[in-house]
Amino acid sequence: MKSAVENLNPTRVRLTVEVPFEELKDSLDAAYKKINQQVTVKGFRKGKIPARIIDQRFGRGAVLEEAVNDALPKFYTEAVNEAELNVLGQPEVDITELKDGETLNFTAEVDVRPTIEIPDYSGIEVEVDAVEVADEDVEKAVEELRERFASTSPVERAAQDGDVVTIDLEAKVDGEVLEDGVASDVSYTIGSGELLDGIDEAVKGLEAGGEATFASELKGGSAAGKEAEVTVKVTQVAARELPELDDDFAQLASEFDTLEELKADSRKRLENMKQYDQATQAQERVLEKLLELVEVPVPEKLLEDEINTRKHNLEHHQLGQMGLDLAKYLEIQGKTEEEFDAETKEAAIKGIKTQFVLDELVNKEKLNVNQEELTEHLMRRAASSGMSPDQFAQAVVEGGQVPMLVGEVARGKALAVVVEASTVKDTNGEVVDLDDEEDETESATEVVAEVTDGDEASTEASEEKPEA
């Protein structure tokens, strides 16, 4: 077999392959054997039909077609390996010449990963928000905890902001009561915004036994997105009573003995959250700077597939779970379809470039992923998906997605290496020391996974079977 490579552009090549006919012998034998098992000829036992009889009865062309379809993947793979190509996706194959007993010639056009030169990234500098926790932040956190321990008691007065009302609801569309539009004994805190638009105004001022009707757009159910006439009846009004902010409350709501200890712990928790957010911000901004330094051509077909994948996932998974379609989503977001398409394309380009650059860094820095790192990442992904670790692991293995998770962790480690070499300062001009290597890698992995979401399946180098 002889092969040659022609670079069509930085991300696409054409392979020209010439195969002497004698190298098709194994595939021809396999073709005769396969046809032998599929057909019957009077006077011959099944599987024992001579090749010349098959040629006479069914045509040599049928045998050649079967043999070529069997041989193409092998010769294509050999040509790819010989040229040391890092291919993406499935090739477009064209048989240019097939002479029985002489030769098989074909071409294969396929996308390849571009050659990327990683420049010196040690000079990258970024600015992030300073970690500052104000007294007001602590007071707000303690107040939110206090709200969770509020008690309620029925009152005989009109409902007002902050009260908890027990209500019955009935929704009509075009004068007809919806099958799923009736609910009883619903507990609702006035002002929480957790139910329908307009309900706060409807129930405020009502006492137990009072009812009101208002118009609202339904957020879910069989008539999601439609305007409904909603009747609400208040069956009970209860006032919320907050506990006193003292040492007794601290002992009730936490493991601490005093309110001051509870506040100190709240401050520490807020600092930790802000430090994590600061690290994430640093990684995102370092990644932006790194991508600005590197010229990364993006394969057109790969970009098209990635855009379609992102749109499909949004429409059929995320929006579907919320009972929305794309048109309604765009209306809520205040975006035109053109703006949405432009943003999706921009995100897809960034995701593909991020994967290419970080994969190159993984190779350059010789980074590996151990079992513990992979398990920790799997646990976090399982938690975010709402599945148990065992269920998520099973789904990953069955879906052949283990390489995807390994890739995410490896790219996270690559980004962490760049962040470590960069200078990060806060808005006060202080150098930020992101010295927790394990936490930095974990958060960097999450940053990379979010940016490249949906890219892995389409950009993972694969040598799929070409077809004649």
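Residues numbered from 1 in each chain as written. Predicted model: local features only at pLDDT ≥ 70, side-chain atom pairs only at ≥ 80, totals over all residues. Heavy atoms only, no water.

Enquirer: It is not clear to me how the overall build of the protein should be interpreted in this structure. Could you clarify?
Expert: A count of helices and strands for the protein gives 15 helices and 11 strands. Rg of the C-alpha trace for the protein: 32 Å, well past the compact-globule value of 23 Å for 468 residues, more than 25% over. Taken over the C-alpha atoms alone, the protein extends approximately 100 × 65 × 40 Å along its principal axes. For the protein, the residues scored as buried account for 39% of the 468 residues in total. Of all intrachain contacts in the protein linking residues separated by at least 6 positions in sequence, the fraction that spans at least 24 positions is 70%. Working note: accessible area of the protein is about 26500 Å², and carbon and sulfur atoms make up 45% of it. Measuring between centres, the 49 positive side-chain charges of the protein sit 10 Å from its 110 negative side-chain charges. (Helix = DSSP H or I, 4+ residues; strand = E, 2+ residues; numbered from the N terminus. Rg over C-alpha atoms; globule rule 2.2 N^0.38 Å. Buried < 20%, exposed > 50% of the residue type's maximum accessible area, 1.4 Å probe, protein only. Contact = heavy atoms within 4.5 Å. Areas by Shrake-Rupley, 256 points an atom, 1.4 Å probe, with all protein chains shown as cover. Lys, Arg positive; Asp, Glu negative; His and termini not counted. Charge placed at Lys NZ, Arg CZ, Asp CG, Glu CD.)

Enquirer: For this particular structure, what's the right way to read the pattern of salt bridges?
Expert: Pairs can form between side chains of opposite charge once their charged atoms are near each other. Inspection of the entire model under this criterion finds 29 salt bridges. Of the charged contacts, one joins E92 and R12 as a salt bridge, the two residues approaching to 3.6 Å between their closest N and O atoms. Taken together, the residues span a long stretch of sequence, with E92 in strand 3 (residues 87–99) and R12 in strand 2 (residues 12–20) at a distance of 80 residues. By relative accessible area, which is 16% here, R12 ends up buried. With its nearest N and O atoms 3.2 Å apart, the salt bridge here joins E97 to K99. Among the residues examined, K99 registers a relative accessible area of 38% and is labelled partly exposed. Counted as one network, the salt bridges with shared partners bring together E6, R12, R14, E92, E109 and D111. (Salt bridge = Lys/Arg side-chain N within 4 Å of Asp/Glu carboxyl O.)

Enquirer: Got a minute to help me understand the nonpolar core in this structure?
Expert: General note: in soluble globular proteins, nonpolar side chains tend to be found buried as a group. One finds L290, L361 and L415 to be the most contacted residues of the largest nonpolar core, which totals 39 residues. Broken down by secondary-structure element, the contributors of at least two residues to this core are strand 5 (125–128), helix 7 (259–293), helix 8 (300–321), helix 10 (337–365), helix 13 (402–421) and helix 14 (437–451). The element that contributes the greatest number of residues to this core is helix 10, accounting for 7 residues. Every residue in contact with L415, bar those within four places of it in the chain, is listed here: Q283, V286, L287, L358, A444, V447 and V448. (Core = buried A, V, L, I, M, F, W, Y, C linked by side-chain atoms within 4.5 Å.)

Enquirer: Could you clarify how one ought to interpret the confidence of the model for the protein in this entry?
Expert: Detail in the predicted coordinates should be disregarded across regions flagged by low pLDDT. Confidence along the protein averages 89 in pLDDT terms, with 96% of residues attaining 70 or more. By mean pLDDT, helix 15 (residues 456–459) is the weakest element of the protein at 45, and strand 5 is the strongest at 96. Contacts from residues 455–465, a stretch scored under 50 in pLDDT, to residues over four places away or in other chains number 38 contacts. (pLDDT = per-residue confidence, 0-100.)

Enquirer: What is the right way to look at the environment of K172 in this model?
Expert: Looking at the element boundaries, K172 is found in strand 7 (residues 164–173). Under the relative-accessibility criterion, K172 is labelled partly exposed at 27%. For the pair K172 and T231, spaced 59 residues apart in sequence, the C-alpha to C-alpha distance is 8.4 Å.

Enquirer: Please explain the packing of aromatic side chains as it appears in this structure.
Expert: Any two aromatic rings considered together are summarised by their centre-to-centre distance and by the angle between their planes. Taken as a whole, this structure holds 1 aromatic pair when the rule is applied. When the ring of F149 is compared with that of F249, the centres are 6.2 Å apart and the planes differ by 90 degrees; the resulting orientation is edge-to-face. Of this pair, F149 sits in the loop between helix 4 (135–148) and strand 6 (151–154) while F249 sits in helix 6 (residues 247–253), placing them 100 residues apart in sequence. (Phe/Tyr/Trp six-rings, centres within 6.5 Å; stacked < 30°, edge-to-face > 60°.)

Enquirer: Would you explain the UniProt feature "domain: PPIase FKBP-type" (unreviewed entry) in the protein in this entry?
Expert: In the numbering used here, UniProt assigns the feature "domain: PPIase FKBP-type" (unreviewed entry) to residues 162–214. For residues 162–214, helix accounts for 9% and strand for 53%, while the C-alpha atoms at its two ends are 20 Å apart. (UniProt positions renumbered as here; feature names shortened; annotations may be inferred.)

Enquirer: How do you make sense of the environment of T235 when you look at a structure like this?
Expert: Positionally, T235 belongs in strand 10 (residues 227–241). Remark: the alpha-carbon pair of T235 and G209, spanning 26 residues in sequence, is separated by 5.4 Å.

Enquirer: In this structure, what is going on with the sheet that holds strand 3? I would like to understand it.
Expert: Neighbouring strands of a sheet are bound in pairs by backbone hydrogen bonds; such pairs are parallel or else antiparallel. The antiparallel open sheet is built from 4 strands, whose spatial order is 1-2-4-3. Two strands lie at the open edges of the sheet, namely strand 1 (2–9) and strand 3, each paired on one side alone. Along the sheet, successive strands turn relative to each other by an average axial angle of 20 degrees, direction set aside. With 9 bridges connecting them, strand 2 and strand 4 (residues 103–112) associate as antiparallel partners. Bridging from a neighbouring strand, E18 pairs with N105 of strand 4. (Pairing = 2+ DSSP bridges. Axes fitted to C-alpha atoms, helices over the stretch in contact; angles between N-to-C directions.)

Enquirer: Help me understand unusual backbone geometry in this model?
Expert: Leaving glycine aside, a negative phi is the common case for residues, and trans is the common case for peptide bonds. If you check the backbone angles, E84 has positive phi at about 55 degrees while not being a glycine. Tracing the backbone through its elements, the reader meets E84 in the loop between helix 3 (60–83) and strand 3. When its relative accessible area of 72% is taken as the criterion, E84 is described as exposed. Residues other than glycine seldom take positive phi values, yet D185 does so here, at roughly 55 degrees. Among the secondary structure elements, D185 is positioned in strand 8 (residues 176–189). In this structure D185 comes out as exposed when scored by relative accessible area, which is 60%.

Enquirer: Is there a simple way to explain the packing of helix 1 (residues 25–38) against helix 3 in this structure?
Expert: A packed helix pair is summarised by two numbers, namely the angle formed by the two axes and the spacing between the axes. Viewed as axis vectors pointing N to C, helix 1 and helix 3 meet at an angle of 120 degrees, and their least axial separation amounts to 8 Å. In terms of their interaxial angle, helix 1 and helix 3 are classed as oblique. The two elements helix 1 and helix 3 cross, and the hand of that crossing is right-handed. In contact with S27, L28, A31, Y32, K34 and I35 of helix 1, helix 3 contributes R60, V63, L64, E66, A67, D70 and A71. (Parallel < 35°, antiparallel > 145°, perpendicular 65-115°, else oblique. Left-handed = near helix turned anticlockwise from the far one by under 90°.)

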